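Structural overview
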Amino acid sequence: MATDLMSKAELLKAVSEKSGLSAGDSGAVLDALSETIAEQVAAGRTVQLLGVGRISRRWREERTARNPRTNAEVKVPARHVPAISWASNFKSSIA
């Protein structure tokens, strides 16, 4: 399945056109938003973006994985991982 990847530059151009902000200002907003979300999720908080979804962290238990090249078993340590629960209206707008 081929994907059409939108670059950060394309995203900034689209945001600046919709918001009326300059590309530089849009970039500053996007960078600040990304940094703030990462900080809050790392601190254990859930960030809710209305109309998009919730970004949180989940605990993943230790598990055994397999290296596909060598077929050797590898222990993957327990850790927190980011998780997104998409809003229902966001999911339905994509379908």
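That block above? That's the structure.
Residues numbered from 1 in each chain as written. Predicted model: local features only at pLDDT ≥ 70, side-chain atom pairs only at ≥ 80, totals over all residues. Heavy atoms only, no water.

1. Description of the side chain of Ser56
Let me state the cut-off plainly: Under the scheme used here, helices are H or I runs from DSSP no shorter than 4 residues and strands are E runs no shorter than 2 residues, and both carry numbers assigned from the N terminus. Only protein chains enter the accessibility calculation, which uses a 1.4 Å probe. A residue is then buried if its area is under 20% of the maximum for its type, exposed if over 50%, and partly exposed in between. Should any heavy atoms of two residues lie within 4.5 Å, those residues are considered in contact.
For Ser56, the location among the structural elements is in strand β2 (residues 53–60). Take Ser56: its relative accessible area is 13%, and that puts it in the buried class. In this view, Ser56 contacts Val41, Arg45, Thr46, Val81, Pro82 and Ala83; residues no more than four positions away in its chain are not counted.

2. Digging into helix α1 (residues 8–19)
Quick reminder of the rule: The span expected for a helix works out to 1.5 Å for each residue beyond the first.
Taking 1.5 Å of rise per residue, the 12 residues of α1 would be expected to cover 16 Å, and the 16 Å separating its terminal C-alpha atoms lies within 8% of that figure. Directly beyond the C-terminal end of α1, a positive phi value near 85° is found at Gly20.

3. What to know about the pattern of salt bridges
To keep it simple, the criterion reads: Any carboxyl oxygen of Asp or Glu within 4 Å of a side-chain nitrogen of Lys or Arg constitutes a salt bridge here.
This structure, assessed with the given rule, holds 2 salt bridges. Across the pair Glu73 and Arg66 runs a salt bridge whose closest N-O atoms are separated by 3.2 Å.

4. Regarding the sheet that holds strand β1 (residues 47–49)
The condition is simple: Pairing between strands requires that DSSP locate at least two bridges from one strand to the other. Angular values range over 0 to 180 degrees, each being the angle between N-to-C directions of two axes fitted as lines to C-alpha atoms, with helices fitted over their stretch in contact.
Read across the sheet, 3 strands follow the order β1-β2-β5 without closing on themselves; strand pairing throughout is antiparallel. Here the strands that pair on one side only, and so sit at the sheet edges, are β1 and β5 (79–86). Taking each pair of neighbouring strands and ignoring which way they run, the sheet shows an average axis angle of 30°. Across 8 bridges, β2 lies against β5 in antiparallel orientation. Across the sheet, the residue bridging to Arg58 is Val81, located in β5.

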